[in-house]
Amino acid sequence: MNSNTATPLYSPDPYPSRVAPRPARLDRLDPVIWGAAGKGPLDKQALARYERQGYLIMPALLDADEVAGFSAELSRLRHDFAASGDARVIAEPGSGAVRSIFAVHELSERLTALFRDPRLLGAARQILGGDVYLHQSRINYKPGFRGKEFYWHSDFETWHVEDGMPRMRALSCSISLTDNTENNGPLLLIPGSHLSFIACVGETPQNHYQTSLRRQEYGVPDDLNLADLVREGGIEAFTGIAGSVVFFDCNTMHGSSSNISPQPRSNIFAVYNSVENTLGEPTCGLPPRPQFIADRRPPTPLRPPQE
Ligand code: 6CS
Ligand code: FE
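Described below are features of the structure shown in this document. (Residues numbered from 1 in each chain as written. Chains lettered and ligands numbered in written order. Predicted model: local features only at pLDDT ≥ 70, side-chain atom pairs only at ≥ 80, totals over all residues. Heavy atoms only, no water.)

### Digging into the site of ligand 1
Link 1 in the chain: Neighbouring residues of ligand 1: Phe102, Gln136, Arg138, His153, Asp155, Thr158, Trp159, Leu213, Gln216 and Arg289.
Link 2 in the chain: Take Gln136: an N or O atom from its side chain is 3.0 Å from an oxygen atom of ligand 1.
Link 3 in the chain: In this structure, Asp155 approaches ligand 1 through a side-chain N or O atom, which is 3.0 Å from a nitrogen atom.
Link 4 in the chain: A total of 300 Å² of accessible area belongs to ligand 1 in isolation, and the protein chains cover 93% of it.
Link 5 in the chain: When each cavity is represented as a set of grid points, ligand 1 is found to reside in the largest pocket.
Link 6 in the chain: Listed by contribution, the elements that provide at least two residues to the shell around ligand 1 are strand E5 (132–140) and helix H5 (155–163).
Link 7 in the chain: It is H5 that contributes the most residues to the shell around ligand 1, three residues altogether.
Link 8 in the chain: Among the residues making up the shell around ligand 1, the classes are represented as three nonpolar, four polar and three charged. (Near = heavy atom within 4 Å. Polar contact = N/O pair within 3.5 Å; in protein donor to acceptor, adjacent residues only side chain to side chain. Areas by Shrake-Rupley, 256 points an atom, 1.4 Å probe, with all protein chains shown as cover. 1 Å grid on protein atoms, 1.4 Å probe; cavity = no way out; pocket = protein on both sides within 12 Å on 5 of 7 lines; lining within 4 Å. Sits in = over half its atoms within 2 Å of the grid points. Helix = DSSP H or I, 4+ residues; strand = E, 2+ residues; numbered from the N terminus. Nonpolar A, V, L, I, M, F, W, Y, C, P; charged D, E, K, R; others polar.)

Structure follows, in structure tokens:
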């Protein structure tokens, strides 16, 4: 066999991170849009904006009645789980207030139905080019006065290094259930940042999720690369009335400031992953993270309720 066509003994990691002594900015090697216009709810302009920015904001996608119903569900879940000691409940550093609840699709039929809603699932299937499943779901409550920040990060950097997600063929859908304003710690996104992979430094600690979900210190971009991304693309805040939705690529750099206003900033997140992109071994070499953070089971493609 010709040596230069031989199957390599190993397939080098296309997105190496937390392995080198210095950070690096690498090119994205994956498409942003895997599907096509005409195969879902997003028109050509919307797909083009998502491809260019790395996210797409859809104001008031859910109506007031839907928002009221899901808000009641969020209150029920927080009431039922706040003092439960359940591993899926993440407390805010300092105050102990509920910061997040993970795997909410296993705790709420109402939220499972939301994640299968054609307005959300259809857009995810269209962008990711086919069948998808839930890699992760969560509620970030970001309570008034005490909701702490989520420092800048690329979700894919963590999902690749700590969950073994092979390629950039996943996206998050964030549904706001409170008005998101400039005052209550809205999600901040850097347009265009999804086209670069910022390789981070530092060795992933054992059981990193037990700290990173409260305050992330590993897998965060260095100041110089972050400053470059912001200089090139700026920062856009996802603000809007409750019921607004933002879809963002798994590699779009994002974060949010602490909420010192009296108003909560509660968002539901669904992470859709292509069934062609199921999790392999974490590149950090540590054991995989728990099921409630990253679903490793053979995927069951999500279908809209009526199918
Ligand atoms: O590690 C994770 O999967 C979680 N961490 C952050 C900051 N965003 C994505 C996800 O919720
Ligand atoms: Fe994130």
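### Re empty space enclosed by the protein
Link 1 in the chain: The final tally for this structure, using the stated rule, is one cavity of 30 Å³ or more.
Link 2 in the chain: Roughly 40 Å³ of volume is contained in the largest cavity.
Link 3 in the chain: Ser154, Glu157, Phe197, Ile198, Cys200, Gly219, Pro221, Asn251 and Met253 are the residues that line the largest cavity.
Link 4 in the chain: Residue classes in the lining of the largest cavity are distributed as five nonpolar, three polar and one charged. (Points joined across faces, edges and corners; volume = space filled by probe spheres on them.)

### Things to note about the packing of aromatic side chains
Link 1 in the chain: All told, the structure shown has six aromatic pairs when counted by the stated rule.
Link 2 in the chain: Between Tyr15 and Phe197 the ring centres are 5.1 Å apart and the planes differ by 55 degrees, which places this aromatic pair in the tilted class. With Tyr15 in the segment before strand E1 (24–27) and Phe197 in strand E9 (residues 196–199), the pair connects residues that are 182 residues apart, well separated along the chain.
Link 3 in the chain: By relative accessible area, which is 0% here, Phe197 ends up buried.
Link 4 in the chain: Over the face of the ring belonging to Phe70 we find Arg110, whose NZ or CZ atom lies 5.7 Å from the ring centre. (Phe/Tyr/Trp six-rings, centres within 6.5 Å; stacked < 30°, edge-to-face > 60°. Buried < 20%, exposed > 50% of the residue type's maximum accessible area, 1.4 Å probe, protein only. Lys NZ or Arg CZ within 6 Å of the ring centre and 35° of its normal.)

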